[in-house]
Amino acid sequence: MDQQQLDDIGARIGEAAAQYSPAHRPTPEQVATAASILRDMLAAVRIHGVTFADFDAVADFPRLAIQLAQQSTSER
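Computed from a predicted model, the values in this text were never measured in an experiment.

Caption draft 1: Structural detail: the overall build of the chain. Of the regular secondary structure elements, the chain holds four helices and zero strands. In the chain, the succession of α and β elements from N to C terminus is α-α-α-α. Computed over the C-alpha atoms, the radius of gyration of the chain is 12 Å, within 12% of the 11 Å expected from 2.2 N^0.38 for a compact globule of 76 residues. Each principal axis of the C-alpha distribution contributes one length, and for the chain these read about 35 × 25 × 25 Å. Expressed as a percentage of the 76 residues in the chain, the buried residues total 25%. When contacts within the chain are restricted to residue pairs at least 6 apart in sequence, those whose partners lie at least 24 apart make up 69%. When the accessible surface of the chain is summed, it comes to about 4800 Å², and 55% of that surface belongs to carbon and sulfur atoms. Looking at the chain, you have 6 positive and 10 negative side-chain charges, and the mean spots of the two groups are 4 Å apart.

Caption draft 2: Quick look at the nonpolar core. In terms of nonpolar packing, the biggest core is built from 14 residues, with Ile13, Leu38 and Ile66 touching the most fellow members. The set of elements that each furnish at least two residues to this core consists of helix H1 (3-18), helix H2 (28-45), helix H3 (52-58) and helix H4 (61-74). Each residue touching Ile66, except ones within four places of it in the same chain, is listed here: Ile13, Ala16, Ala17, Tyr20, Pro26 and Ala34.

Caption draft 3: Region of interest: the pattern of salt bridges. One pass over the structure, following the stated rule, counts three salt bridges. The partner of Arg12 in a salt bridge is Asp56, with the nearest N and O atoms 2.8 Å apart. Here Asp56 lies in helix H3 and Arg12 lies in helix H1, a separation of 44 residues in the sequence. Since its relative accessible area comes to 22%, Arg12 is described here as partly exposed.

Caption draft 4: Summary view of the side chain of Gln30. Mapped onto the secondary structure, Gln30 falls in helix H2. What makes Gln30 buried here is its relative accessible area of 11%. Polar contacts involving the side chain of Gln30 include one to the main-chain amide nitrogen of Thr27, which spans 2.9 Å. In contact with Gln30, not counting residues within four places along its chain, are Ala69, Gln70 and Thr73.

Caption draft 5: Focus on the side chain of Gln70. Mapped onto the fold, Gln70 is located in helix H4. When its relative accessible area of 18% is taken as the criterion, Gln70 is described as buried. Excluding residues within four positions of it along the chain, Gln70 makes contact with Tyr20, His24, Arg25, Pro26 and Gln30.

Analysis parameters
Residues numbered from 1 in each chain as written. Predicted model: local features only at pLDDT ≥ 70, side-chain atom pairs only at ≥ 80, totals over all residues. Heavy atoms only, no water. Helix = DSSP H or I, 4+ residues; strand = E, 2+ residues; numbered from the N terminus. Rg over C-alpha atoms; globule rule 2.2 N^0.38 Å. Buried < 20%, exposed > 50% of the residue type's maximum accessible area, 1.4 Å probe, protein only. Contact = heavy atoms within 4.5 Å. Areas by Shrake-Rupley, 256 points an atom, 1.4 Å probe, with all protein chains shown as cover. Lys, Arg positive; Asp, Glu negative; His and termini not counted. Charge placed at Lys NZ, Arg CZ, Asp CG, Glu CD. Core = buried A, V, L, I, M, F, W, Y, C linked by side-chain atoms within 4.5 Å. Salt bridge = Lys/Arg side-chain N within 4 Å of Asp/Glu carboxyl O. Polar contact = N/O pair within 3.5 Å; in protein donor to acceptor, adjacent residues only side chain to side chain.

Listed below in structure tokens is the structure:
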């Protein structure tokens, strides 16, 4: 994964985080975790030829990654 792709992931996670109301906005730790989740998801599906554009066509994966991060940290 190149730097441009990593920057795109960071930007998309940041945009998704900004859509949350202040009461539900992810913490910096959750944002970092969400970016890592999304990066790893993209890396895992690359073997199948799946791209970010494919993800965009079916779901809001940046928001999903934030929700996963929030869920996992709320259980701690």
